[in-house]
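A look at the structure
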Amino acid sequence: MAFLGVNASLRTNESFRARNDDEYHKGNSPWNVCRLMLPRSLNDIEYWKANEFRTFLLFTGPIILKGRIKKQFFLHCIKLHCAIKILVTSVLCLTKNEIAYNLILDFVNEFKINYGAHFITHNSHSLIHLPYYVKIHGCLDNFSAFKYENYLGVIKKSILHVFLYKKPPIEY
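Numbering of residues starts from 1 in each chain and follows the order in which that chain's sequence is written. Two thresholds apply to this predicted model, a pLDDT of at least 70 for residue-level local features and 80 or more for giving and counting side-chain atom pairs, whereas whole-chain, interface and lining totals are computed over all residues. Hydrogens are left out, water is left out, and the side-chain values use all remaining heavy atoms of the structure.

1. A look at a nonpolar patch on the surface
To be explicit about the condition: Like charges within 9 Å and nonpolar side chains (Val, Leu, Ile, Met, Phe, Trp, Tyr) within 5 Å are joined into patches, using only residues over 30% in relative accessible area that form no salt bridge. Reported accessibility uses the Shrake-Rupley method at a 1.4 Å probe radius. Residues are deemed covered only where the shown protein chains occlude them. For this document, the term salt bridge refers to a Lys or Arg side-chain nitrogen within 4 Å of an Asp or Glu carboxyl oxygen. Under the DSSP-based scheme used, a helix requires at least four consecutive residues in state H or I and a strand at least two consecutive residues in state E, with every element numbered from the N terminus. Relative accessibility under 20% of the residue-type maximum defines a buried residue, over 50% an exposed one, and the middle range a partly exposed one, all with a 1.4 Å probe and only protein chains included.
Where nonpolar side chains cluster on the molecular surface, the patch consists of Tyr151, Leu152, Ile155, Ile159 and Phe163 and spans about 500 Å² of accessible area. By secondary structure assignment, the location of Ile159 is in helix H8 (residues 152–165). Judged by relative accessible area, which is 43%, Ile159 ranks as partly exposed.

Right, dumping it as structure tokens:
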């Protein structure tokens, strides 16, 4: 399709969704069916799924937090963001592993200073071991459970079915 005219009216969101331009809209597109999933508000953080935390850590968090929290805390969060971004990226996870390790060490040590030693839990301490396991198994996505999160609902229903009806689980 060539766009030779320079005086055409601008397409609006409404005219595009209504498919008003027959020359442009030819047949159905999978994009008509798909909907962009927008992230939930920080006010709903207590209801976030693991994938929402992952998206926040790897992509949206630095953008959302910049200018909204003290610089000291923002830079602290950026250390974790950069370390995990390195460990999740297959082309960087081995070559920049030492950098990720040092960022995580700084993050955990500063965690005590910023929030108090009593907030250092098994979860925050275990971050220190991630670069080691990345050296063994490859990037984080190779051994994370994020891809199974959405299947958790099927497993729960299956287990619930056994307890409620004393019958074997439903085959999916």
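Still more to cover.
2. As for the nonpolar core
Under the convention used in this document: Think of a nonpolar core as a cluster: buried Ala, Val, Leu, Ile, Met, Phe, Trp, Tyr and Cys residues, connected wherever their side-chain atoms sit within 4.5 Å. The contact criterion used is simple: two residues touch if any of their non-hydrogen atoms lie within 4.5 Å.
By size, the foremost hydrophobic cluster in this structure holds 19 residues, and its most contacted members are Leu87, Ile104, Phe107 and Leu140. Those elements giving two or more residues to this core turn out to be helix H4 (71–88) and helix H5 (97–115). Residues in contact with Ile104, not counting those within four places in the same chain, are Ala83, Leu87, Leu127, Ile128 and Pro131.

3. What about the packing of H5 against helix H7 (residues 130–137)?
This is how the line gets drawn: Angular values range over 0 to 180 degrees, each being the angle between N-to-C directions of two axes fitted as lines to C-alpha atoms, with helices fitted over their stretch in contact. Orientation is classified from the angle alone, with under 35 degrees giving roughly parallel, over 145 giving roughly antiparallel, 65 to 115 giving roughly perpendicular, and any other angle giving oblique. The crossing is said to be left-handed when, going from far helix to near helix, the turn is anticlockwise and less than a right angle, and right-handed when the turn is clockwise. The classification used treats Ala, Val, Leu, Ile, Met, Phe, Trp, Tyr, Cys and Pro as nonpolar, Asp, Glu, Lys and Arg as charged, and all other residues, Gly among them, as polar.
Remark: H5 packs on H7, axes separated minimally by 9 Å, with the N-to-C direction vectors making an angle of 155°. With respect to their mutual orientation, H5 and H7 come out roughly antiparallel. Considering the relative orientation of H5 and H7, their crossing is right-handed. Residues Asn97, Ala100, Tyr101 and Ile104 of H5 form the contact with H7, whose own contacting residues are Pro131, Val134 and Lys135. In terms of residue class, the contact of H5 with H7 is made up of 5 nonpolar, 1 polar and 1 charged.

4. Focus: the pattern of salt bridges
Counted under the stated rule, the structure contains 3 salt bridges. Between Glu52 and Arg40 there is a salt bridge, and its shortest N-O distance comes to 2.8 Å. Of this pair, Glu52 sits in helix H3 (residues 50–65) while Arg40 is found in the loop between helix H2 (30–33) and H3, placing the two residues 12 residues apart along the sequence. Judged by its relative accessible area of 15%, Glu52 is buried. Taking relative accessible area as the criterion, Arg40 reaches 36% and is therefore assigned partly exposed. One salt bridge connects Lys79 with Glu110, and the closest N-O pair in it is separated by 2.4 Å. Here the residue Lys79 occupies a position in helix H4, and Glu110 occupies one in helix H5, the gap between them amounting to 31 residues.

5. Topic: the layout of surface pockets
Which entries qualify depends on this criterion: The method works on a 1 Å grid over the protein atoms by themselves. A cavity is a set of points holding a 1.4 Å probe that cannot get out, a pocket is an open set with protein on both sides within 12 Å along at least five of seven lines, and residues with an atom within 4 Å of a point line them. Grid points are joined across faces, edges and corners, and a volume is the space filled by probe spheres set on the points.
Quantified by volume, the largest pocket comes out at close to 980 Å³. Phe53, Leu57, Leu80, Phe107 and Leu127 are, among the 34 residues lining the largest pocket, the residues nearest its centre. Elements with a minimum of two residues in the lining of the largest pocket: H3, H4, H5 and helix H6 (122–126). Across the lining of the largest pocket, the residue classes tally to 25 nonpolar, 7 polar and 2 charged.

6. Description of H4
Heads up, the rule is: Every helix has an expected span of 1.5 Å times one less than the residues it contains.
The end-to-end C-alpha separation of H4 is 25 Å, in line with the 26 Å expected for 18 residues at 1.5 Å each. Burial in H4 covers these residues: Phe74, His76, Leu80, His81, Ala83, Ile84, Ile86, Leu87 and Val88. Looking at the buried residues of H4, the elements they touch are H3, H5 and H7.

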